[in-house]
Amino acid sequence: MTERFDCHHCNESLFGKKYILREENPFCVECFETLYANNCEECKKPIGCDCKDLSYKDRHWHESCFHCSQCKNSLVDKPFAAKEDQLLCTECYSSEYSSKCHECKKTIMPGTRKMEYKGSSWHETCFICHRCQQPIGTKSFIPKDNQNFCVPCYEKQYAMQCVQCKKPITTGGVTYREQPWHKECFVCTACKKQLSGQRFTSREEFAYCLNCFCDLYAKKCAGCTNPISGIGGTKYISFEERQWHNDCFNCKKCSLSLVGRGFLTERDDILCPDCGKDI
């Protein structure tokens with residue numbers, strides 16, 4: 001007797017018929033499609049053995065059903081994108097979902113390089129300096145009035161120039177007498193220490209730190225010989241071309257303060273009336 005060769009499911013003879021092996025078991029075409037064929041995502045019909053089964057993320061399509069959900073063009077052997085369970089060709093996806101260039105208003109295609117700043121996007125070739133028209137790329141830039149400038153062009157067109165060095169001030173300048181200075185250029189005329197954030201004064205339009213100003217120009221107290229700066233409201237007393245700090249204007253003998261009182265002089269000394277009565 002001839003050995004039987006039957007369908008593993010329905011037991012019908014497969015001699016002279018088309019069959020499919022699955023896990024080494026033969027199935028007739030009808031049983032195989034009933035048991036194992038995938039349903040097409042588009043038409044919902046089984047994908048038979050005589051059809052090409054195209055799959056993407058556990059989803060299946062007939063070859064003729066594998067097309068863009070918007071323009072209906074075939075996606076077979078073409079790049080595509082998926083959005084909310086829909087398949088889209090790159091053109092439809094770009095038109096619907098890709099960023100638009102802030103400059104030329106055209107779509108920035110997926111896979112192409114783009115530049116982004118504060119929610120806006122540009123083609124790399126469209127992201128250029130408004131003044132010199134050269135691509136900015138990854139270089140530093142400065143935005144102004146909805147336009148972007150490379151740093152050299154911004155400095156030429158907008159930045160203030162330091163009174164001292166004549167170079168542009170791009171960050172952290174100082175204004176003195178309504179003129180702009182770099183912090184590092186605004187220094188004491190005498191000792192050259194930076195004055196930004198420090199107490200200072202001026203003489204004949206030149207700025208000085210307090211120490212240099214006192215050493216150079218302040219009168220000396222006849223009592224303690226230290227400078228009388230007069231800065232910050234310091235009070236002093238002047239008499240016959242001599243000056244005293246308020247706290248130093250005291251009787252030479254008894255140290256009584258003579259501010260607002262009568263006093264006598266004995267050579268370079270000042271005395272209260274009681275200590276001077278025997279002069």
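Residues numbered from 1 in each chain as written. Predicted model: local features only at pLDDT ≥ 70, side-chain atom pairs only at ≥ 80, totals over all residues. Heavy atoms only, no water.

1. Structural notes on the overall build of the chain
Move 1: A tally of regular secondary structure across the chain gives 5 helices and 22 strands.
Move 2: Compactness check: the chain gives a C-alpha radius of gyration of 47 Å against a globular reference of 19 Å for 279 residues, more than 25% above the reference.
Move 3: Taken along the three principal axes of its C-alpha coordinates, the chain extends 160 × 45 × 25 Å.
Move 4: Counting all 279 residues of the chain, 29% fall into the buried class. (Helix = DSSP H or I, 4+ residues; strand = E, 2+ residues; numbered from the N terminus. Rg over C-alpha atoms; globule rule 2.2 N^0.38 Å. Buried < 20%, exposed > 50% of the residue type's maximum accessible area, 1.4 Å probe, protein only.)

2. Here we look at unusual backbone geometry
Move 1: If you check the backbone angles, aspartate 85 has positive phi at about 70 degrees while not being a glycine.
Move 2: Judged by relative accessible area, aspartate 85 falls into the exposed class, the value being 63%.
Move 3: Positive phi, normally seen in glycine, also occurs at serine 255, with a value near 65 degrees.
Move 4: In this fold, serine 255 is placed in the loop between strand S20 (242–245) and strand S21 (264–266).

3. Observations regarding the side chain of histidine 245
Move 1: One can find histidine 245 in strand S20.
Move 2: Engagement of the side chain of histidine 245 in a polar contact is seen with the backbone oxygen of proline 227, the distance being 3.1 Å. (Polar contact = N/O pair within 3.5 Å; in protein donor to acceptor, adjacent residues only side chain to side chain.)

4. Describing the side chain of histidine 182
Move 1: Along the chain, histidine 182 turns up in strand S14 (residues 179–182).
Move 2: A relative accessible area of 10% places histidine 182 in the buried class.
Move 3: Those residues within four positions of histidine 182 in sequence are excluded, and the remaining contacts are Cys162, Cys165, Lys167, Pro168 and Ile169. (Contact = heavy atoms within 4.5 Å.)

5. Side note on the UniProt feature "domain: LIM zinc-binding" (unreviewed entry) in the chain
Move 1: The sites that carry the UniProt feature "domain: LIM zinc-binding" (unreviewed entry) are, in the present numbering, residues 38–98, 99–160 and 219–279.
Move 2: As annotated, residues 38–98 comprises 13% helix and 26% strand, and the C-alpha atoms at either end are separated by 33 Å. (UniProt positions renumbered as here; feature names shortened; annotations may be inferred.)

6. What about the pairing of strand S13 (residues 173–176)?
Move 1: Residues Val174 and Tyr176 point to one face of S13 and are all buried, whereas Gly173 and Thr175, pointing to the other face, are not buried.
Move 2: The sheet contact formed by S13 and S14 spans 4 bridges and is antiparallel. Within S14, the position partnered with threonine 175 by the bridge is proline 180.
Move 3: Turn length for the S13-S14 hairpin, with the two strands adjacent in sequence and antiparallel, is 2 residues, and the turn residue arginine 177 shows positive phi of about 55 degrees. (Pairing = 2+ DSSP bridges.)

7. Section: the environment of serine 257
Move 1: Inspection of the secondary structure assignment puts serine 257 in the loop between S20 and S21.
Move 2: With a relative accessible area of 31%, serine 257 lands in the partly exposed category.
Move 3: Taking the C-alpha atoms as reference points, serine 257 and glutamate 155, 102 residues apart in sequence, are found 60 Å from one another.
Move 4: Apart from the residues within four sequence positions on either side, serine 257 is in contact with Phe249 and Asn250.
Move 5: A distance of 3.4 Å separates a polar atom in the side chain of serine 257 from the backbone nitrogen of valine 259.

8. Quick word on the packing of aromatic side chains
Move 1: Enumeration over the complete set of coordinates arrives at 21 aromatic pairs.
Move 2: Taken together, a centroid distance of 5.2 Å and an interplanar angle of 85 degrees make the contact between phenylalanine 239 and phenylalanine 263 edge-to-face. A residue pair is termed long-range when its members are at least 10 positions apart, and phenylalanine 239 in strand S19 (residues 236–239) and phenylalanine 263 in the loop between S20 and S21 qualify at 24 residues.
Move 3: On the accessibility criterion, phenylalanine 263 (26% relative accessible area) is partly exposed.
Move 4: Look at phenylalanine 249 and phenylalanine 263: their rings are 5.2 Å apart centre to centre, the planes differ by 85 degrees, and that puts the pair in the edge-to-face class. Residue phenylalanine 249 is located in the loop between S20 and S21, and its partner phenylalanine 263 is located in the loop between S20 and S21; the two are separated by 14 residues in the primary sequence.
Move 5: An aromatic cluster of three or more residues is present, and its members are Tyr56, Trp61, Phe66 and Phe80. (Phe/Tyr/Trp six-rings, centres within 6.5 Å; stacked < 30°, edge-to-face > 60°.)

9. Looking at the environment of serine 98
Move 1: As for its position among the elements, serine 98 is in the loop between helix H2 (90–97) and strand S7 (114–117).
Move 2: Overall, the relative accessible area of 13% leaves serine 98 in the buried class.
Move 3: Separated by 10 residues in the primary sequence, serine 98 and isoleucine 108 have C-alpha atoms spaced 6.2 Å apart.

10. Re the environment of glutamate 23
Move 1: Summarising the element assignment, glutamate 23 is placed in the loop between strand S1 (19–22) and strand S2 (25–28).
Move 2: A residue is classified by how much of its surface remains accessible, and glutamate 23, at 67% relative accessible area, is exposed.
Move 3: In this structure the C-alpha to C-alpha distance between glutamate 23 and arginine 131, which are 108 residues apart in sequence, comes to 71 Å.

11. Observations regarding the layout of surface pockets
The gaps of empty space that remain are located by a probe, the size of a water molecule, rolled over the atoms.
Move 1: Within this model, the largest pocket holds a volume of roughly 370 Å³.
Move 2: For the largest pocket, the lining is made up of 17 residues, of which His102, Trp122, Asn146, Gln147 and Asn148 are closest to its centre.
Move 3: If you list the elements that add at least two residues to the lining of the largest pocket, you get strand S8 (120–123), strand S9 (141–144) and strand S10 (147–150).
Move 4: Broken down by class, the residue content of the lining of the largest pocket amounts to 7 nonpolar, 7 polar and 3 charged.
Move 5: Volume-wise, the second largest pocket comes out at about 260 Å³.
Move 6: Lining of the second largest pocket is provided by 15 residues; of these, Gln164, Trp181, Glu205, Phe206 and Ala207 occupy positions nearest its centre.
Move 7: Among the secondary structure elements, those contributing two or more residues to the lining of the second largest pocket are S14 and strand S16 (206–209).
Move 8: The residue makeup of the lining of the second largest pocket, split by class, is 9 nonpolar, 3 polar and 3 charged. (1 Å grid on protein atoms, 1.4 Å probe; cavity = no way out; pocket = protein on both sides within 12 Å on 5 of 7 lines; lining within 4 Å. Points joined across faces, edges and corners; volume = space filled by probe spheres on them. Nonpolar A, V, L, I, M, F, W, Y, C, P; charged D, E, K, R; others polar.)

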